[in-house]
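Residues per chain, in single letters:
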Amino acid sequence: NIEFSGRVSYGERELCAAGSVQAVRIGPSRGGEAGDCAVCMELAEGKLVSVPSQCFSGIKAREHARAFAAELAEALGVRVMESR
């Protein structure tokens, strides 16, 4: 859930406080297969917060990661950044 204030939660658990997300980052997945991507929210202090869902644990195609990241970034009012 993304609130108008920018607070991000998953169920009852707060993932990111209001206004704390600085960017949405696409990078290599920590799990899954080689070449999989992950989409995370980057906080001001550089901490990365992933979406805690098995649906988004590893995205096979970078273009699919870009589409998901673009939607998330638009909802949060931030930019998308990519890491290789």
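Predicted model, so just to flag it, every value in this text is computed and none were measured.

Novice: It is not clear to me how the confidence of the model for the protein should be interpreted in this structure. Could you clarify?
Specialist: Low-confidence regions, as indicated by low pLDDT, have predicted coordinates that should not be scrutinised in detail. When pLDDT is averaged along the protein, the result is 86, and 92% of the positions lie at 70 or above. At the low end of the mean pLDDT range in the protein sits strand β5 (residues 48-50), at 90; at the high end sits strand β6 (residues 79-82), at 95.

Novice: Would you take a moment to explain the sheet that holds strand β4 (residues 37-43) for this structure?
Specialist: Backbone-to-backbone hydrogen bonds pair the strands of a sheet. The strands run either parallel or antiparallel. With respect to topology, four strands assemble into an open sheet ordered β5-β4-β3-β6, the strand pairing being mixed. Among the strands making up the open sheet, the edge pair consists of β5 and β6. When the angles between neighbouring strand axes are averaged without regard to direction, this sheet yields 35°. Here strand β3 (residues 21-28) pairs with β4 via seven bridges, running antiparallel. The residue of β4 that forms the bridge with Ile-26 is Val-39. Contacts from helix α1 (residues 62-76) reach β3, β4 and β6 within the one sheet, and its direction differs from that of β3 by about 175°.

Novice: Looking at this structure, I do not really get the environment of Glu-82. What am I missing?
Specialist: Within the secondary structure, Glu-82 is located in strand β6. The class for Glu-82 is partly exposed, based on a relative accessible area of 35%. As a C-alpha pair, Glu-82 and Glu-71 span eleven residues in sequence and 15 Å in three-dimensional space. For Glu-82, the contacting residues outside a window of four places in its chain are Arg-25, Ile-26, Arg-62 and Arg-66. At 2.9 Å, the side chain of Glu-82 and the side chain of Arg-62 are in polar contact. A polar contact is formed between the side chain of Glu-82 and the side chain of Arg-66, at a distance of 2.7 Å.

Reading the values: rules and limits
- Residues numbered from 1 in each chain as written.
- Predicted model: local features only at pLDDT ≥ 70, side-chain atom pairs only at ≥ 80, totals over all residues.
- Heavy atoms only, no water.
- pLDDT = per-residue confidence, 0-100.
- Helix = DSSP H or I, 4+ residues; strand = E, 2+ residues; numbered from the N terminus.
- Pairing = 2+ DSSP bridges.
- Axes fitted to C-alpha atoms, helices over the stretch in contact; angles between N-to-C directions.
- Contact = heavy atoms within 4.5 Å.
- Buried < 20%, exposed > 50% of the residue type's maximum accessible area, 1.4 Å probe, protein only.
- Polar contact = N/O pair within 3.5 Å; in protein donor to acceptor, adjacent residues only side chain to side chain.

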